[in-house]
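# Observations on chain architecture
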Amino acid sequence: MVEFLRFNASKCTLCGLCVTECPFGALAIEGSGITVSETCRMCGLCVRHCPEKAIRFEQKARSFEPERWRDFLIFAEQERGDIHPVAYELLGEARKMAAKVGYRVNAVLIGGPGSMANARKLLPYGADLVFVYEHPELEGFRADCYADAFADCIASQRPSCVLIGATALGRSLAPRLSTRFHTGLTADCTTLDIKPNTDMIQIRPAFGGNIMAQIAIAHSRPQFATVRYRVMDRAERVPHPTGEIVSCPVSESMVRSRIQILSSQVIDKVKSLEEEDILVVAGRGVRNEKGVEMCRHLAEALGGQLAFTRPMVENGFGDTAHQIGLSGRTVRPKLIITCGVSGAIQFTSCMNGSQCIVAINEDPEARIFGVAHYCLVDDLYRVVPRLIRLAEEQNEKNRKEAEHHGLSL
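This text gives an overview of the structure that appears in the document. Model, not experiment: these values are computed from the prediction.

### Digging into the overall build of the chain
Tallying secondary structure elements over the chain gives eleven helices and 21 strands in all. Referenced to the eigenvectors of the C-alpha coordinate spread, the extents of the chain come out at roughly 85 × 50 × 45 Å. Here the chain, with 409 residues, has 49% of them falling under the buried criterion. When contacts within the chain are restricted to residue pairs at least 6 apart in sequence, long-range pairs at least 24 apart make up 64% of them.

### A few points about the nonpolar core
Core analysis: the largest hydrophobic core is formed by 37 residues, its most contacted members being F72, L122, V130, L163 and L192. Elements that contribute at least two residues to this core include exactly β5 (72-75), α3 (86-101), β8 (105-111), α4 (115-119), β9 (129-134), β10 (161-165), β12 (191-194) and β15 (223-227). For this core, the element with the highest residue contribution is α3, accounting for nine residues. Look past the residues within four positions of V130 in its chain and what remains in contact with it is A107, L109, A119, L122, L123, E244, I245 and V246. One finds F75, I110, A149 and C248 within the second-largest nonpolar core, a separate group that totals 28 residues.

### Quick notes on the state of the cysteines
A full pass over the atoms with the stated rule returns zero disulfides. Here C339 is not cross-linked by a disulfide; its sulfur's nearest cysteine counterpart is in C295, at 4.0 Å. With no disulfide of its own, C350 lies closest to C189 among cysteine sulfurs, the gap being 13 Å. A residue is classified by how much of its surface remains accessible, and C350, at 1% relative accessible area, is buried.

Cut-offs used in this document
Residues numbered from 1 in each chain as written. Predicted model: local features only at pLDDT ≥ 70, side-chain atom pairs only at ≥ 80, totals over all residues. Heavy atoms only, no water. Helix = DSSP H or I, 4+ residues; strand = E, 2+ residues; numbered from the N terminus. Buried < 20%, exposed > 50% of the residue type's maximum accessible area, 1.4 Å probe, protein only. Contact = heavy atoms within 4.5 Å. Core = buried A, V, L, I, M, F, W, Y, C linked by side-chain atoms within 4.5 Å. Disulfide = S-S within 2.5 Å.

As structure tokens, then:
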């Protein structure tokens, strides 16, 4: 981080104000100048408080050198001792873009014991270098420690693009890093591309989903973007992996945290909406609790989960953990059946990657039919009960066949 601060010795009067204002004790007066230690967090207080304007950040608009910033860096999040699946999706998308500009695709893992073993899982999916910060004190996520380790990797490798999963952890980490490096961050991207000049085009819904904004960070590096889980395609395995694992030193300052964990408890993991293969969605056309229970019955008969649109959540029929849309979850199940869903872009942009979309709506002009593979223009209160009967009949048939062969379902 030290090399991102620049001191103008001809302007500096060694007044010491920057030293006293630094909350991290990173600055000191030594000899005839100011020195910066590795505890610098790029907060900018020294720059703002210098009366002589003798301190500046290296990176300013239109002043960075693109050739000094190369390659992609993927944050490989770990969850419950394993790699979070979003990391493989980020690898896949980065590899597509990297091929266009001749970049490598690297990754960084931060965590406790076992991180080195997890890093090896990324090599078959095309990671060139995997930087690992493994330390017992990094076992649980603490934003300040993880940001310090990640920033160390960015400062040493100077990646052009940094991709982070838009998970709860990623959404906490990404803005801290973009602030430190005084560059841009585009959150919740749905599409990524890259120009020949290495500017990454980050596409995401904006203005309530009414437009798809194309955002570029043209005058600074690195370019930060977070991507929702189940939006991109998972990376394919490479036939002959050539990647390497790089063990990175973890300093005492990296694991020194102002956050104290007083107690922790492992929450029983349930299958999230993003991981589900079959979804039934209740939209505004469902109207009442009886209709919601009918849709829930269909979801259970199919072995899936019930989800909701935003209006249904706002009306108290569901919660945000089961909401599909820009303010909810993005899903890509094998089968999704929408019941009484109009098909606003805020909803469809977060489920149109599903393998099979079945839409039930009385309105033949409903926008949902524009993305559906099978369109049923009918009253959902007539169609859904029939689907439930068909599903239950098939389940009973499967049960009897299993019993006949001495199996259990």
